[in-house]
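Coordinates in review
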Amino acid sequence: MEGETLYGLCCRYHRVRGGRLASSTCLDLFGHARIGFSHDVPERLETFTERSMGQCGTARSIVMEHSVLGYYMRFRSVGEQSEILSQLQAGGAGATKARLGLLATGIGASHPLRFCRECVRLDLANDGIATWRLVHQLPGVWMCLAHGAPLTAALSKVNGVQRFQWLLPDEVIEQGSYVEPKADLLAEGLLSATAVARDSSDILALDTNVSVDRNRLGATLLEGLKRLNLASPSGRLRSASLVSEMETWSRRVRHLPEGNVLCVAGGAALSLVRSALASNGPPLHPLRYVVLSEWLFGSWREMKVLYDQFETSNLPALSPSPRPARGGQSQRTSTPDQKQRFLKLVEADGLTVSAAAHAIGIDVETGITWASRFGVVVQRRPKRLTAQARQDVLAQLKAGRPKTQIASDHGVSIETVTRVLLCDPDARTDRTLSLRATRLNLARKQIDDAMVRNPDGGVSAIRALAPAAFAYLRRNHREVLRRLCESLPKKSRVKPRLVDWSERDRRFSAQLVILRGSAPVFNAKQLAQRVPGLAVKWGKLDRLPRTKLELKIKDKPFNAHKSISQDKDK
């Protein structure tokens, strides 16, 4: 179906073929009984494309056009896209979400399945089977643009229940495993929810072969800030006005389930804008760009018109907090060709380092650093440092002495000491080894001190007393840490506290009685999902006799009023 997710296609295939076991269908499609059930990040695509004989498209088209992952991939470079696609083709999703930075965005990496009741009704009437639409699964989308209706979120999959099952929307409705939209979203948040859904749909419609250029996007957002007088013509942000305006506007999206994260104020708002303007570092969550485009331009579509007018070749490199280079000179980005030209001018043509640096347009200090890396001996004219003082500085740097102390002793700046270090590759290597040895000795001393303070403590006790030293040894010197831990006294494991199954049984059965009284009809699966902690104890019902008694007719719908009347008759 058009706009269908890969998971929706597999669910329809499972139902149409009359599959009895979900694992059998997964094994047929993906060559594995478990890997393939993910509804947001597709897995084992190479096997899937082979077994579908390419009728569902290539691995790239499946990811970009039929999975939530394609929504994020549009903001990644072509190189990153290729690496992620290679990983998905070969095996499971692995750390794909972590690599995309979803876990650190605050918005989260969970994508609950969502459906529009009207879409489900029409699908059943026209095709006899409903499916999952991709645009409904995008983060922040809680409105169906086709029917102007709020979306219903399924509880299955994201809560661990039925994780390895093929579920279609009508099955979720039949099981009652869903959450209706909140009342405030239907009232005050209707306009903002519709706007976010529209903008997310426009992002999904972008060309899948071209990624969003960070430089152009940052320049577009900066132009929007200038139009609202929140940035000067030169590009300097007017922080006070910007924070106030964004804090006021972001309240419009507070009714969305992600509203608590999207509403920013103070320093967080300023940091968010600077990150959005940056051309370096990981991109923001696409939902952040949606909110910024709504704030500055009224929609993503309007911002895209201005974005298309910028040419990448004419854009300056943006940074989150622009700062002038030392000495008032502009910062430049070096390339391998520049370095080869510089080396040819110095060695083959016999130019001085200064002349070669000016010839290719780099700073003289950069040229000196390049020359030292290529093994070219640079003859320096003494300025603040004489030849003897320079040797003293190098000796102290190799010994691992702090730069601040060296600079203070010789009456020079820390930058001068750093330049001396950069101009001697051997000194950098020796200093690194000295610093590592010093840090190792310090960590060992801290561990030894912790062992003296707590001679009877085990590994956990020592780690609590010297956490930084323990972490350093674990990351860099595991063998040293292992030997230290072997010398610690062995502690016998404390037997864990036994679970009071009687109390747990009493609590579960009481909650079931209350739940049955609040609503007339429930089956066992609905009861398990609504009683906290009961679903995961399903295999231990033999140890919960009262709870098992309450679920005795679990395969049939339970009518509370009818059951009560029957008990009275008895």
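In this text the structure is predicted, and so the values were computed from the model without any measurement.

With that settled, consider a positive patch on the surface. Among the surface-exposed residues, Arg463, Arg474, Arg475 and Arg478 lie close enough to one another that they form a single positively charged patch. Structurally, arginine 463 can be placed in helix α26 (residues 459-465). Taking relative accessible area as the criterion, arginine 463 reaches 37% and is therefore assigned partly exposed.

With that out of the way, let us pick up the side chain of aspartate 505. Mapped onto the fold, aspartate 505 is located in helix α29 (residues 501-518). Among buried charged residues, aspartate 505 stands out as having no salt bridge; its nearest opposite-charge side chain is arginine 546, 4.7 Å away. Polar contacts involving the side chain of aspartate 505 include one to the main-chain amide nitrogen of arginine 546, which spans 2.9 Å. Residues in contact with aspartate 505, not counting those within four places in the same chain, are Leu544, Pro545, Arg546 and Thr547.

In this structure, Trp166, Leu221, Leu225, Leu237 and Trp295 are the most contacted members of the largest nonpolar core, which totals 93 residues. Residue contributions to this core peak at eight residues, all from helix α17 (residues 286-297). With 15 residues, the next largest nonpolar core counts Ala443, Ile462, Leu481 and Leu488 among its residues.

The subject of this paragraph is the packing of helix α12 (residues 190-204) against α17. Across the interface, α12 lies against α17 with an axial gap of 10 Å and an inter-helix angle of 115°. The two elements α12 and α17 meet at a crossing, and its hand is right-handed. Residue-level contacts link Ala195, Val196, Arg198, Asp199, Ser200 and Ile203 of α12 to Leu287, Val290, Ser293 and Glu294 of α17. Per-class residue counts for the contact of α12 with α17 are five nonpolar, two polar and three charged.

Quick notes on the rules
Residues numbered from 1 in each chain as written. Predicted model: local features only at pLDDT ≥ 70, side-chain atom pairs only at ≥ 80, totals over all residues. Heavy atoms only, no water. Patch = residues over 30% accessible without salt bridge, like charges linked within 9 Å, V, L, I, M, F, W, Y side chains within 5 Å. Areas by Shrake-Rupley, 256 points an atom, 1.4 Å probe, with all protein chains shown as cover. Salt bridge = Lys/Arg side-chain N within 4 Å of Asp/Glu carboxyl O. Lys, Arg positive; Asp, Glu negative; His and termini not counted. Charge placed at Lys NZ, Arg CZ, Asp CG, Glu CD. Helix = DSSP H or I, 4+ residues; strand = E, 2+ residues; numbered from the N terminus. Buried < 20%, exposed > 50% of the residue type's maximum accessible area, 1.4 Å probe, protein only. Polar contact = N/O pair within 3.5 Å; in protein donor to acceptor, adjacent residues only side chain to side chain. Contact = heavy atoms within 4.5 Å. Core = buried A, V, L, I, M, F, W, Y, C linked by side-chain atoms within 4.5 Å. Axes fitted to C-alpha atoms, helices over the stretch in contact; angles between N-to-C directions. Left-handed = near helix turned anticlockwise from the far one by under 90°. Nonpolar A, V, L, I, M, F, W, Y, C, P; charged D, E, K, R; others polar.

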